Amino acid sequence: HRVDRRQRQMCIRDRCSHVPAIGVAMDTGITHEEYWKPVFEGFKKSREWMKKQNPDVIFLVYNDHCTAFDARCIPTFALGCGVEFQPADEGWGPRPVPAVKNHQKMASHIAQSLVLNEFDITIMNEMEVDHGLTVPLSVMFGDIKQNDEWPALVIPLCVNVVQYPAPTGNRCYNLGKAIRRAIESYEEDLNVIIFGTGGMSHQLQYKRAGLINSDWDKRFLDLMTEDPVGASQITHLEYLRETGSEGIEMVMWLIMRGALNENVTEVHRHYHVPASNTAVGHIILENNA
Ligand code: DHB
Ligand code: FE
């Protein structure tokens, strides 16, 4: 039974899902409008899948946007170990969604396991979470209102992809493997899903603002399923050149991918352009036995 449950530990990635305007579209009830319809159509199957999985814990890899961190403190990898995380945001302000509750005991175990395995992450006992974390949750769980509760506990891992230097894809891939070892060695048999978020191609500023590279994005999705080691070797320079300055967020997918088996089944894929200034890409992968 233990093994069976573990085989089900899965992975999702989604980037799109962190586009702040996706959260605003849900919060203001305009997801049925012409512009947003195709974006949310592609998540119908994902939400059904999510309901069936009924996870205990979501290990959520995401990036902060100067909400919890700013230039005063730039941890490369920060693990949320506090009791709960209140929503906060720049720009549009905090979303009307519930606080995110942690599985503190598992988070502490993961912190210990990672550091003893020589991944020296930063431990956060207090932290607010922005659209980078709450939008992927909303996309996958549907409308969860402020007075409801998120259907699962969440362990957040915040990755610096905002301020140079971001971690390499290879480092992220190996960290994913260490996270898997940590989760598998936890004393209790829980159903854990890992989200990798961020991406896909987009650039929000300066001369190449608006850049979207669908061919590259789609190849990246193929690599997620078929060749994660190849994906882990993509250089920073290639992300920047081919996918714009914010495309570097895709290194976060490698953490999710490293936590899965090399052989996976692609359960669902969704790709749509545009959502606000970005390409929306989403893939659900399950471990093969
Ligand atoms: C947009 C996307 C982001 O990831 C973000 O943090 C802010 C804005 C956008 O597409 O508009
Ligand atoms: Fe962002």
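These numbers were taken from a predicted model, which means no experiment stands behind them. Throughout, a residue's number is its position along its own chain's written sequence, starting from 1. Think of it this way: whatever chain is written first is A, whatever ligand is written first is 1, and the rest follow in order. The model is predicted, so local features are restricted to residues of pLDDT at least 70 and side-chain atom pairs to those at 80 or more, both for listing and for counting; the totals for chains, interfaces and linings are taken over all residues. In computing side-chain values, all of the structure's heavy atoms are included and hydrogens and water are not.

Q: Honestly, the pairing of strand β8 (residues 192-197) in this entry has me stumped. Any pointers?
A: The side chains of a regular strand alternate, first on one face of the sheet and then on the other. Of all the six residues making up β8, six are buried; the element is thus mostly covered by neighbouring parts of the structure. Burial along β8 is two-sided: the face carrying V192, I194 and G196 and the face carrying I193, F195 and T197 are both buried. Pairing between strands requires that DSSP locate at least two bridges from one strand to the other. Only DSSP runs of H or I with at least four residues qualify as helices, and only runs of E with at least two residues qualify as strands; both kinds are numbered from the N terminus onward. By the bridge criterion, five bridges tie strand β2 (residues 57-62) to β8 in an arrangement that is parallel. The residue bridging L60 from the neighbouring strand is F195, located in β8. The classification of residues rests on relative accessible area computed with a 1.4 Å probe and restricted to protein chains. Under 20% of the type maximum is buried, over 50% is exposed, and intermediate values are partly exposed.

Q: Looking at this structure, how should I read the confidence of the model for the chain?
A: It should be kept in mind that the predicted coordinates are not to be read in detail where pLDDT is low. For every residue, the pLDDT score states the predictor's confidence, bounded by 0 at the bottom and 100 at the top. Within the chain, residue pLDDT values average 93, and 94% of them lie at 70 or more. With pLDDT under 50 throughout, residues 1-16 is counted as low confidence; its partners more than four residues away or in other chains account for 82 contacts. Note on contacts: a residue pair is in contact if any heavy atoms of the two residues lie within 4.5 Å.

Q: Whenever I open this one, the pattern of salt bridges confuses me. Can you help?
A: Pairs can form between side chains of opposite charge whenever their charged atoms are close. Salt bridges, as used here, are contacts in which a Lys or Arg side-chain nitrogen is within 4 Å of a carboxyl oxygen on Asp or Glu. Taken as a whole, this structure holds ten salt bridges when the rule is applied. The partner of R241 in a salt bridge is E242, with the nearest N and O atoms 3.2 Å apart. Two residues, E266 and R269, come together in a salt bridge whose shortest N-O distance is 2.8 Å. Overall, the relative accessible area of 30% leaves E266 in the partly exposed class. Since its relative accessible area comes to 29%, R269 is described here as partly exposed. Among the charged side chains, a salt-bridge network with shared partners connects D222, E266 and R269.

Q: In this structure, what is going on with the packing of aromatic side chains? I would like to understand it.
A: Think of a pair of aromatic rings as described by two things: how far the centres are apart, and how the planes are tilted against each other in angle. Under the pairing criterion, centres of Phe, Tyr and Trp rings, with the six-membered ring standing for Trp, must be within 6.5 Å; the plane angle then separates stacked pairs below 30 degrees from edge-to-face pairs above 60, leaving the rest tilted. This model, assessed by the stated rule, comprises six aromatic pairs. Ring geometry for Y35 against W36: centres 5.0 Å apart, planes inclined by 85 degrees, an arrangement best described as edge-to-face. Residue Y35 is classed as partly exposed on the basis of its relative accessible area, which comes to 39%. For W36, a relative accessible area of 8% puts it in the buried group. Aromatic rings pair up to connect W216, F220, Y239 and W253 into one cluster.

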